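# Topology and contacts: notes
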Amino acid sequence: MSTDGLIVVDKPGGMTSHDVVARIRRLAKTRRVGHGGTLDPMATGVLVIGVGRATRLLTYVIGAGKSYTGTIRLGQTTVTDDAEGDVTATAPAGQVTDDAIRSALAGLSGEVDQVPSAVSAIKINGQRAYKRVRDGESVELPARRVTISRLEVLAIRRTEPDVVDVDVDVTCSSGTYIRAIARDAGLALGVGGHLTALRRTAVGGFTLAEAATLDELEQRAPDVVNLPLDAAADRFFARREATPDEARVLAHGGPLDPAGLTGPYAVFGPTGALIAIVSERDGRARAEIVLAPA
């Protein structure tokens, strides 16, 4: 059986994130596997997988900032805001200037209120939005505040007369929909737009440089974890060392004296093993999750 830890997977296109989890369960020979942030089937790239006790770290991974490269096609609108949905409207985009494209995308960066794609995994009264759309409902989701800290135009390509393809590089907060950026750029330019390609290049500090393909993981199974639990926590959080007495108290869920660290942070015992993820409030350092072995 694999050790507890994280796996940085380079997800292939055509698979859901759950498909990848199912494959890792088989390779790692354990049911206790989860992922740190859904990627659409069309998308490829960084998908952080947790195995064993490290699944409890995934809530922090999900909330981390993310980076993507993608391609926006101007001149066509789809029901899903990406290439997986049927085209619902077209408008000639060939006359849209490069300056107008850059200006429209610049207007979508920074701290913005973004309306998620209607065909998304967001729940409305307990049911996924995409399920409601597929059942024929008209779905309107409320805007949510997101931060798009970088939205760089890499290339503008005009290989067909009525559409324009725009390659972009995006760094954004958790909860940002790149499909929605494509949709909103098309709306701003009056020609419609959707996403035709998406590759996630980073989640927090985890990048494609350390990602393994499923074929590579298959070859080394069941030894698929590339970041054991302790190393993963050390990478993702600030570190605090605990004395033997502090380690004992924290392992049983008790509070510690504050250390003045901005949390959440990871606390390690005298042996170097991870004990808990901790945050400081009301003058005490309290465990958010205890990860010391029972």
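Residues numbered from 1 in each chain as written. Predicted model: local features only at pLDDT ≥ 70, side-chain atom pairs only at ≥ 80, totals over all residues. Heavy atoms only, no water.

### Considering the overall build of the chain
Our working rule: The helix and strand labels rest on DSSP assignments: H or I over at least four residues marks a helix, E over at least two residues marks a strand, and numbering proceeds from the N terminus. Accessible area is worked out with a 1.4 Å probe on protein chains only. A residue is then buried under 20% of its type maximum, exposed over 50%, and partly exposed in between. In this description, contact between two residues means that some pair of their heavy atoms is separated by no more than 4.5 Å.
Check the secondary structure of the chain and you find 8 helices and 18 strands. In terms of overall dimensions, the chain has C-alpha extents of about 70 × 45 × 40 Å along its principal axes. For the chain, buried positions account for 47% of its 294 residues. In the chain, once contacts between residues fewer than 6 apart in sequence are set aside, the share between residues at least 24 apart is 68%.

### Notes on unusual backbone geometry
The linkage connecting Ala-221 with the following residue, Pro-222, adopts the cis geometry, with an omega of 5°. Here Pro-222 is to be found in the loop between helix 6 (214–220) and strand 14 (227–228). Of the consecutive residues Gly-263 and Pro-264, the connecting peptide bond is found in the cis state with omega at -5°. With respect to the secondary-structure elements, Pro-264 resides in the loop between helix 8 (244–251) and strand 16 (265–268). Here the phi dihedral of Lys-29 falls at roughly 60°; this positive angle occurs in a residue that is not glycine. Note on placement: Lys-29 falls in the loop between helix 1 (17–28) and strand 2 (33–35).

### Thoughts on the environment of Thr-97
Mapped onto the elements of the fold, Thr-97 is located in the loop between strand 6 (87–90) and helix 3 (98–106). Counting along the chain gives 92 residues from Thr-97 to Leu-189, while the straight-line C-alpha distance between them is 9.9 Å.

By themselves, these observations are geometric and do not establish any function.
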